[in-house]
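# Observations on chain architecture
Spelled out, the chains give:
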Amino acid sequence: LVWLWRGRFPLARLGAVVAVVAVVLGWGAAQYPYLLVDDLTLAEGAGADAALWALLVAFGIAAVVAVPALVYLYVLTSRGLLRSGGVHTESSSALIERYLAEEEERQLQER
């Protein structure tokens, strides 16, 4: 929250990601070896080998199709080359900076 308050948005975003990952990993460690406490273990809940391989192949195909498209979208957005309806889109950090500047200006006008 301190990073967010000081305007260090990339660090605040990283802190949020680390917090979520820590919660999910902590939950998993607390439950181990059960998926459902005292009822279903990881070994019992695992799918058949054929189903797991099919899932792995489907995930690989989806990654090959989706990852390049997402990278291309990220590059277009970060370089400011993406237009929507003829209006130039802004990055999230630019939107936040503009919002904070407008808020500051509004507060100065109220005084």
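The structure we're discussing is the one just above.
Here's what I pulled together on the structure shown here.

### Points about the overall build of the protein chain
Of regular secondary structure, the protein chain possesses five helices and four strands. The order of α-helices and β-strands along the protein chain, N terminus first, is α-α-β-β-α-α-β-β-α. For 111 residues, the compact-globule estimate of 2.2 N^0.38 gives 13 Å, and the C-alpha radius of gyration of the protein chain, at 22 Å, exceeds that figure by more than 25%. Along the first, second and third principal axes, the C-alpha atoms of the protein chain reach 65 × 35 × 20 Å. Classification of the 111 residues of the protein chain by burial places 4% in the buried group. On the protein chain, roughly 9,700 Å² of surface is accessible, and the fraction owed to carbon and sulfur atoms is 68%. In the protein chain, 8 positive and 11 negative side-chain charges are present, and the distance between their average locations comes to 15 Å.

### Here's the deal with the pattern of salt bridges
Overall, the coordinates contain three salt bridges when judged by the stated rule. Here Glu-102 ties to Arg-98 by a salt bridge, and the two come within 3.7 Å at their closest N and O atoms. With Glu-102 and Arg-98 both in helix α5 (residues 92-110), this residue pair falls four residues apart, about one helical turn. Assessed through its relative accessible area of 45%, Glu-102 is described here as partly exposed. With a relative accessible area of 40%, Arg-98 lands in the partly exposed category. With a shortest N-O distance of 2.7 Å, Arg-106 and Glu-103 are connected by a salt bridge. Remark: Glu-103 and Arg-106 occur in helix α5; sequence separation between them is three residues, near one turn of the helix.

### Considering the environment of Thr-77
Of note, Thr-77 is situated in helix α4 (residues 49-78). Residue class for Thr-77 comes out partly exposed when judged on its relative accessible area of 33%.

### Overview of unusual backbone geometry
The residue after Tyr-32, namely Pro-33, is reached through a cis peptide bond having omega 5°. Checked against the element boundaries, Pro-33 lands in the loop between α2 (9-31) and β1 (34-36). A positive phi is found at Asp-38, a non-glycine position, where the angle reads about 60°. Note that Asp-38 resides in the loop between β1 and β2 (40-41).

What counts and how
- One numbering rule holds for all chains: residues counted from 1, following each sequence as written.
- Local features in this predicted model are restricted to residues of pLDDT 70 or higher, and side-chain atom pairs are both shown and tallied only at a pLDDT of 80 or more, whereas totals for entire chains, interfaces and linings draw on every residue.
- Processing note: side-chain calculations cover all non-hydrogen atoms of the structure and skip hydrogens and water entirely.
- For the purposes of this entry, the term helix denotes a DSSP run of H or I that reaches at least four residues, the term strand denotes a run of E that reaches at least two, and both are numbered from the N terminus.
- Only C-alpha atoms enter the radius of gyration; for comparison, a globular chain is expected to reach 2.2 Å times N to the power 0.38, where N is the number of residues.
- Note on exposure labels: buried denotes an accessible area under 20% of the residue type's maximum, exposed denotes more than 50%, and partly exposed covers the range between, all computed with a 1.4 Å probe on protein chains only.
- Accessibility throughout is a Shrake-Rupley quantity obtained with a 1.4 Å probe, and a residue counts as covered only by protein chains that appear here.
- Residues counted as positive are Lys and Arg, residues counted as negative are Asp and Glu, and His and the chain ends are not counted.
- All charge positions are set by atom: Lys at NZ, Arg at CZ, Asp at CG, Glu at CD.
- What counts as a salt bridge is simple: a side-chain nitrogen of Lys or Arg found within 4 Å of a carboxyl oxygen of Asp or Glu.

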